[in-house]
Amino acid sequence: MRFDQRQNFEPRPCTIQTGFVETAAGSCLISTGKTRVICTASVEEGVPPFLRGQNRGWVTAEYAMLPASTSQRKKRDGIKKDGRSVEIQRLIGRSLRQAVDFEKLGERTITLDCDVLTADGGTRTASITGAYVALVMAVNKLMKDGLITENPIISQVAAISAGIVEDEALLDLCYIEDSNAQADMNFVMNHRGEFIELQGTGEGRAFTNAELNKLLSAGRKGVRNLMKAQREALCGCGDHLLPLPQLVVATGNQHKLKELTDLLSGVCLPVSMKSVGFDEDIMENGSTFEENAIIKAEAVMRATGLPAIADDSGLSVDALGGAPGIYSARYAGDHGNDEENNQLLLKNMEGVEDRTCRFVCAMALALPGEKTQVFRGEAVGQLLHEYAGSSGFGYDPLFLYETGETFAQMTEQQKNAVSHRFRAVQLLRTELEKIF
């Protein structure tokens, strides 16, 4: 256990109180453990000289630690700020500029002020996370006042720290841990899981590739949790402006991708594995639907570092001991030959009275730093002796559902409302609503 009794990858409790400064266009008080930062957003018409006449806006930031924010009084910044404050405010500014389409903002400047009330480690990352909330609130006000008509928020941005302390990878360091860290890192990321800024330093010693991977995994988990806190804090005052978090689907099937996009609408945006740079063949050598789904999801998650889902599905016939099962697509030998697969199944079921069968879908969710979860959906029916219906694919013409129609006789909408994949995705959606 750590100094404050947390697990290694457990972040400090985070609360974000919006509207903390009533006179600001957007504001919040963010608390991560004992670190507390007031973040405000002020809007001014006009932009710096280098942007004038371009019809583009600007976002900048200032950062300061109040005198009593540390155990020993910190002197106020004078005309010339200390180097650390300058470095941090530049980091905040360039991080939050990634969140805005400046052309849609128009010729106006949003200044983000981050004032540290209490410093217990992670003040720069807390400032970025809180300043984003203030920024979105200010944009929301601009839109409500009719000063801009198009949403300029193009990314969600949050940040967290991690480090190696006593040879252990830890997430979200408090001051005691940070001051004794052998290596420390800061992660600034967007909703797509991309890095805006990645700062890593070997303080007491160099760190290994294995340790780096642990820190990356921890950082992704921490940022995901902070983005959920941001969304909850902005509920009713700007959350509708945020882009949906992305979820990588381990498939190249565009039909399946569209179906998942519809089923997960409002929670996340499924994207193909190719769109994030994964184009490898995955060896599905599991013995169950669940094992194959896990193999695919974890392969994509490990390669990309992003949350990933994968499914494995097929037809299971009771009288055949669960066959075709995981071999459904290649039951007759050739992958995807529906006609041969159906004919072989009918031949193997000749004279069999028990025609109970079920379509099964196992949906795996792999998240960096967490144990993979699997959600199983089933649609139970009866295997016919001959085809009925011309829609669908695979074994659909032989699968008689409880409604009295085969999947091949249903419309796509009717099938999707009762299918095994629909049932698995509904369970997945419930879990994703907790995560995102």
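Placed above this text is the structure.
Residues numbered from 1 in each chain as written. Predicted model: local features only at pLDDT ≥ 70, side-chain atom pairs only at ≥ 80, totals over all residues. Heavy atoms only, no water.

Right, let's talk about the overall build of the protein chain for a bit. Assigned secondary structure in the protein chain consists of ten helices and 15 strands. Overall, the C-alpha framework of the protein chain stretches about 90 × 55 × 30 Å when taken along its three principal axes. Counting only residues that meet the buried cut, the protein chain has 53% of its 436 residues in that class. Pairs at least 24 residues apart make up 64% of the contacts formed inside the protein chain by residues separated by at least 6 positions. When the accessible surface of the protein chain is summed, it comes to about 20,000 Å², and 48% of that surface belongs to carbon and sulfur atoms. Between the mean site of the 46 positive side-chain charges and the mean site of the 58 negative ones, the protein chain shows a separation of 8 Å. (Helix = DSSP H or I, 4+ residues; strand = E, 2+ residues; numbered from the N terminus. Buried < 20%, exposed > 50% of the residue type's maximum accessible area, 1.4 Å probe, protein only. Contact = heavy atoms within 4.5 Å. Areas by Shrake-Rupley, 256 points an atom, 1.4 Å probe, with all protein chains shown as cover. Lys, Arg positive; Asp, Glu negative; His and termini not counted. Charge placed at Lys NZ, Arg CZ, Asp CG, Glu CD.)

Taken as a whole, this structure holds 29 salt bridges when the rule is applied. Residue Arg 12 is joined to Asp 172 by a salt bridge in which the shortest nitrogen-to-oxygen separation is 3.1 Å. Of this pair, Arg 12 sits in the segment before β1 (14-18) while Asp 172 sits in the loop between β7 (168-171) and α4 (175-179), placing them 160 residues apart in sequence. Notably, a salt bridge pairs Lys 415 with Asp 396, separated by 2.7 Å at the nearest N-O pair. Of this pair, Lys 415 sits in helix α9 (residues 412-416) while Asp 396 is found in the loop between β14 (373-383) and β15 (399-401), placing the two residues 19 residues apart along the sequence. Each member of the pair, Lys 415 as well as Asp 396, is classed as buried. Three or more residues joined by partner-sharing salt bridges are found here, namely Glu 290, Asp 318, Arg 358, Arg 376 and Glu 378. (Salt bridge = Lys/Arg side-chain N within 4 Å of Asp/Glu carboxyl O.)

This paragraph deals with the packing of aromatic side chains. Evaluation of the coordinates by the stated rule reveals seven aromatic pairs. Geometrically, the ring pair formed by Trp 58 and Phe 102 is tilted, given 5.9 Å between the ring centres and 35 degrees between the ring planes. Within this pair, whereas Trp 58 is found in strand β4 (residues 58-65), its partner Phe 102 is found in helix α2 (residues 102-105), the two being separated by 44 residues in sequence. For the pair formed by Trp 58 and Phe 102, the shared burial category is buried. Aromatic side chains Phe 359 and Phe 407 sit 5.6 Å apart centroid to centroid with 5 degrees between the ring planes, which places their arrangement in the stacked category. Within this pair, whereas Phe 359 is found in strand β13 (residues 356-366), its partner Phe 407 is found in the loop between β15 and α9, the two being separated by 48 residues in sequence. Take Phe 359 and Phe 407: they sit in the same class, and that class is buried. Chaining the aromatic ring pairs together yields one cluster made of Phe 359, Phe 399, Tyr 401 and Phe 407. (Phe/Tyr/Trp six-rings, centres within 6.5 Å; stacked < 30°, edge-to-face > 60°.)

It is at 10 Å that the axes of helix α6 (residues 254-263) and helix α10 (residues 420-435) come closest, and there the two elements cross at 50 degrees. The angle between α6 and α10 places the two elements in the oblique class. Crossing hand, α6 versus α10: right-handed. Contacts from Lys 256, Glu 259, Leu 260 and Leu 263 of α6 reach α10 at Arg 421, Phe 422, Val 425, Gln 426 and Arg 429. Class assignment of the residues belonging to the contact of α6 with α10 gives a composition of four nonpolar, one polar and four charged. (Axes fitted to C-alpha atoms, helices over the stretch in contact; angles between N-to-C directions. Parallel < 35°, antiparallel > 145°, perpendicular 65-115°, else oblique. Left-handed = near helix turned anticlockwise from the far one by under 90°. Nonpolar A, V, L, I, M, F, W, Y, C, P; charged D, E, K, R; others polar.)

There is about 1,300 Å³ of room inside the largest pocket. At the level of elements, α6, α7 (289-304), β12 (308-317), α8 (338-348), α9 and α10 are the ones that each hand at least two residues to the lining of the largest pocket. It is β12 that provides the largest number of residues to the lining of the largest pocket, a total of five residues. Of the residues in the lining of the largest pocket, the class split is eleven nonpolar, 19 polar and 16 charged. There is about 580 Å³ of room inside the second largest pocket. Lining the second largest pocket are 23 residues, with Arg 84, Gly 121, Gly 122, Tyr 175 and Asp 178 sitting closest to its centre. At the level of elements, α3 (123-144), β6 (157-165), α4, β8 (183-190) and β9 (195-202) are the ones that each hand at least two residues to the lining of the second largest pocket. For the lining of the second largest pocket, a count of residues per class yields seven nonpolar, eleven polar and five charged. (1 Å grid on protein atoms, 1.4 Å probe; cavity = no way out; pocket = protein on both sides within 12 Å on 5 of 7 lines; lining within 4 Å. Points joined across faces, edges and corners; volume = space filled by probe spheres on them.)

Right, let's get into the environment of Leu 170. For Leu 170, the location among the structural elements is in strand β7. As a C-alpha pair, Leu 170 and Ala 181 span eleven residues in sequence and 9.6 Å in three-dimensional space. Dropping the residues within four chain positions of it, Leu 170 is found in contact with Arg 2, Asn 8, Ala 162, Gly 163, Val 165, Glu 177 and Leu 215.

The end-to-end C-alpha distance of α7 is 23 Å, a good match for the 22 Å that 16 residues give at a rise of 1.5 Å each. Where α7 is concerned, the buried positions are Phe 289, Asn 292, Ala 293, Lys 296, Ala 297, Ala 299, Val 300, Met 301 and Thr 304. Here the buried face of α7 lies against α5 (209-233), β10 (246-249), β12, β13 and β14. Positive backbone phi, at 75 degrees, marks Gly 305, one or two positions downstream of α7. (Expected span 1.5 Å × (residues − 1).)

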